[in-house]
Amino acid sequence: MGIPVGKLSLYTALGGVRPSACLPITIDVGTNNEQLLNDEFYIGLRQRRATGEEYHELMEEFMDAVKQIYGEKVLIQFEDFANHNAFDLLAKYSKSHLVFNDDIQGTASVVLAGLLSSLKVVGGTLAEHTYLFLGAGEAGTGIAELIALEISKQTNAPIEECRKKVFLVDSKGLIVSSRKNSLQPFKTSWAHEREPVTTLLDAIKSIRPTVLIGTSGVGRAFTKEVIEAMASFNERPVIFSLSNPTSHSECTAEEAYKWTQGRAVFASGSPFDPVEYDGKIRVPGQANNAYIFPGFGLGVVISGAIRVHEDMLLAASETLAAQATQENFDKGSIFPPFTNIRKISALIAASVAAKAYELGMFSDTLAPLQASWNTCA
């Protein structure tokens, strides 16, 4: 329950949303944890987890009830659903409800902002770079898709072509077409025609990416060999180690700078202290979802939007990237100072609302709920 309460607290603290306009909900479908099932003080539903048809019937009843009671302009944020459920629920309800999955879409939006910002340091366009992910779950595939969408928007190329700039490695190796029959549905878009390789290092040597992104949850997976390989053919390798907590981070900021002789453009999911290398202090940026979701949610609701469109996520990313300045880059960070978050949230809300109007994603009357939302300019 701390998760939805905490997220909604950030909507208030960072986005200026009144607490009375927020409702935290945990959907209890039971547990398979034997210790909890046998604990007389366990306050949750004491039965095995619901799955399959029973689970989806419950979710459908819940989603219908929320829409019936609060109207179609209530924003439902999914958080911490398991991979297979998260993608299914988002795909199903994005067509009929105003829904947003922070693990998939919020993470993708903040990371895309970091990439757009990093281009000001390394040069080139998004389409001119090649991206390799370690990790192909909600976060990895969500980020990959948003990168491809932004490339498509910038180049007018078909999304299928743009996906060919993005490669993913999962626990079984590089995702390639020869594995297609055994892949989960959300991974199949990334199964490219290439020779299979089983290790991240071999994938780097084969693909020669300019950007390496970790969403694997495997601590220290970016070894010295891996990072040195990235530095061997990139003057300014972009390395995002996004897993958290810190113990699960693919590498530390110090390792990224040390093993690239200070040349890495680095961002992380967990906070890292400033690093001194070669007499210069570098302040690593943190790709924190809190940069995006409070302003995004505010913009969605004040616009009266009834659906979330991918272009609204792209607008949020572009707005956040525009807030990073040369002063930030000089210190080693590709994100603006988090101390500016209220202003950043207001700017994101404005750009998302404007995009919703441009796309015609709103209804003709503003939601009564909107009166409960403050601006944070």
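Every chain is numbered independently, its residues counted from 1 as its sequence is written. Predicted model: local features are reported for residues with pLDDT of at least 70 only, side-chain atom pairs are reported and counted for 80 or more only, and whole-chain, interface and lining totals are derived from all residues. Side-chain measures were taken over the full set of non-hydrogen atoms in the model, leaving aside hydrogen atoms and water.

J.: Mind showing me how you'd approach the packing of aromatic side chains here?
T.: Centre distance and the angle of the planes are the two values used to describe a pair of aromatic rings. Classification of ring pairs rests on two measures: the distance between centres of Phe, Tyr or Trp rings, Trp counted by its six-membered ring, which must be within 6.5 Å, and the angle between planes, read as stacked under 30 degrees, edge-to-face over 60 and tilted in between. Counted by the stated rule, this structure contains eight aromatic pairs. Ring plane angle 15° and centroid distance 4.3 Å describe the contact between Phe87 and Phe186, whose orientation is recorded as stacked. Remark: Phe186 occurs in the loop between strand 5 (173-174) and helix 8 (200-207) and Phe87 occurs in helix 4 (residues 83-93); sequence separation between them is 99 residues. As far as burial versus exposure is concerned, Phe87 and Phe186 are alike and both buried. Centroid distance Tyr257 to Phe266: 6.0 Å. Interplanar angle 65°. Geometry classified as edge-to-face. Exposure is judged per residue with a 1.4 Å probe applied to protein chains only, and the accessible area is read against the type maximum: over 50% gives exposed, under 20% gives buried, and values in between give partly exposed. On the accessibility criterion, Phe266 (0% relative accessible area) is buried. One aromatic cluster in this structure is built from Tyr257, Phe266 and Phe272. Over the ring of Trp190 we find Arg163, and its NZ or CZ is 5.9 Å from the ring centre. Across the ring face of Tyr257, the terminal group of Arg282 is positioned such that the distance to the ring centre comes to 5.7 Å. Strands here mean DSSP runs of E at least two residues long; helices mean DSSP runs of H or I at least four residues long; both are numbered from the N terminus. Placement of a charge over a ring requires the Lys NZ or Arg CZ to be within 6 Å of the ring centre, with the centre-to-atom vector within 35 degrees of the ring normal.

J.: Honestly, the UniProt feature "domain: Malic enzyme NAD-binding" (unreviewed entry) in the protein in this entry has me stumped. Any pointers?
T.: UniProt positions are given in the numbering used here, feature names are shortened, and annotations may be inferred rather than shown by experiment. Here, UniProt's "domain: Malic enzyme NAD-binding" (unreviewed entry) annotation points to residues 104-357. The straight-line gap between the two end C-alpha atoms of residues 104-357 is 24 Å; of that span, 44% is helix and 12% is strand.

J.: In this structure, what is going on with helix 8? I would like to understand it.
T.: Within helix 8, burial applies to Leu200, Leu201, Ala203, Ile204 and Ile207. In an axial view of helix 8, the angular spread of the buried residues amounts to 160°, which keeps them on one side of the axis. Against the buried residues of helix 8 lie strand 3 (131-134), strand 4 (166-170), strand 5, strand 6 (211-214) and helix 9 (224-233). Positioned one or two residues after helix 8, Arg208 has a phi angle of 55°, which is positive. This arc corresponds to the set of directions leading from the helix axis out to the C-beta atoms. Note on definitions: a residue-residue contact is assigned when non-hydrogen atoms from the two residues lie within 4.5 Å.

J.: Looking at this structure, how should I read the domain arrangement of the protein?
T.: The parts lose accessible area when they come together, and the size of an interface is often stated as this lost area. Domains are outlined according to an automatic or database domain assignment. Split into domains, the protein comes out as domain 1 (1-101), domain 2 (122-286) and domain 3 (292-374). Each of domain 2 and domain 3 was reduced to a C-alpha centroid, and the two centroids are 26 Å apart. On the domain 3 side, the residues contacting the 16 residues of domain 2 number 11 residues. The term buried area means the drop in 1.4 Å probe accessible area that two parts suffer when joined, counted for both and summed. Where domain 2 abuts domain 3, roughly 1000 Å² becomes buried across the two surfaces, and 61% of that area is made up of carbon and sulfur atoms. Salt bridges are counted wherever a side-chain nitrogen of Lys or Arg sits within 4 Å of a carboxyl oxygen of Asp or Glu. Salt-bridge contacts for Glu318 lead to Lys153; the nearest nitrogen and oxygen are separated by 2.8 Å. For the purposes of these results, a polar contact is taken to be a pair of N or O atoms within 3.5 Å, where, inside protein, one atom must be able to donate a hydrogen and its partner to accept one; residues adjacent in sequence count only when each atom of the pair is a side-chain atom. Linking domain 2 with domain 3 are three residue pairs in polar contact (both at pLDDT 80 or more). Listing elements by their share of the side of domain 2 that touches domain 3, those giving two or more residues are helix 6 (138-155), strand 8 (265-268), strand 10 (280-282) and strand 11 (285-286). When residues of the side of domain 2 that touches domain 3 are assigned to their parent elements, the largest contribution, four residues, is made by helix 6. Partitioned by chemical class, the residues of the side of domain 2 that touches domain 3 number 10 nonpolar, two polar and four charged. When residue character is reported, Ala, Val, Leu, Ile, Met, Phe, Trp, Tyr, Cys and Pro are called nonpolar, Asp, Glu, Lys and Arg charged, and the others, Gly included, polar.

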